[in-house]
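# Commentary on secondary and tertiary structure
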Amino acid sequence: MSPQPAGTGGPLRIVFAAAPGRYVPGGAPFGSGDVGFIRGADLNLHEPGAVRALLDVALAGGWRPGERRAVEVDGWCLLEPAAAARAGDTSPEGP
């Protein structure tokens, strides 16, 4: 994600790596933007509200968009608070 105009800040890379008990886009029966825990929270990354929730949680956790370096964050640490915020259960909290 690069929320600023080019040259004003570094990108945020939210990575959802495949692992046991988790699913990532690209395989049936899940949609192309679905990420989640097999028994738990999930998000569809194609939904703008899901992306906004991930950004809000990353900001609450200390990511600063104005930094000129690229930052990579483990998306699994952001998923549960972002999904809860998306569902209206709580406000986003940091990882």
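Quick caveat: nothing in here was measured; it's all calculated off a predicted structure.

## Observations regarding the pairing of strand S5 (residues 71-74)
Burial along S5 is one-sided: the residues Val71 and Val73 are buried and none of Glu72 and Asp74 is. As judged from the 4 bridges shared by strand S1 (residues 12-15) and S5, these two strands associate in the parallel manner. Paired with Leu12 across the bridge in S5 is Val71.

## Thoughts on the nonpolar core
One finds Leu12, Leu43 and Leu79 to be the most contacted residues of the largest nonpolar core, which totals 20 residues. Per element, the largest residue contribution to this core is 6 residues, and it comes from helix H1 (residues 48-60).

## Brief notes about the environment of Glu80
Positionally, Glu80 belongs in helix H2 (residues 75-87). Put simply, Glu80 and Val57 are 23 residues apart on the chain and 9.7 Å apart in space, counted from C-alpha to C-alpha. Setting aside residues no more than four positions away along its own chain, Glu80 makes contact with Phe37 and Ala41.

Procedures and definitions
- Residues numbered from 1 in each chain as written.
- Predicted model: local features only at pLDDT ≥ 70, side-chain atom pairs only at ≥ 80, totals over all residues.
- Heavy atoms only, no water.
- Buried < 20%, exposed > 50% of the residue type's maximum accessible area, 1.4 Å probe, protein only.
- Helix = DSSP H or I, 4+ residues; strand = E, 2+ residues; numbered from the N terminus.
- Pairing = 2+ DSSP bridges.
- Core = buried A, V, L, I, M, F, W, Y, C linked by side-chain atoms within 4.5 Å.
- Contact = heavy atoms within 4.5 Å.

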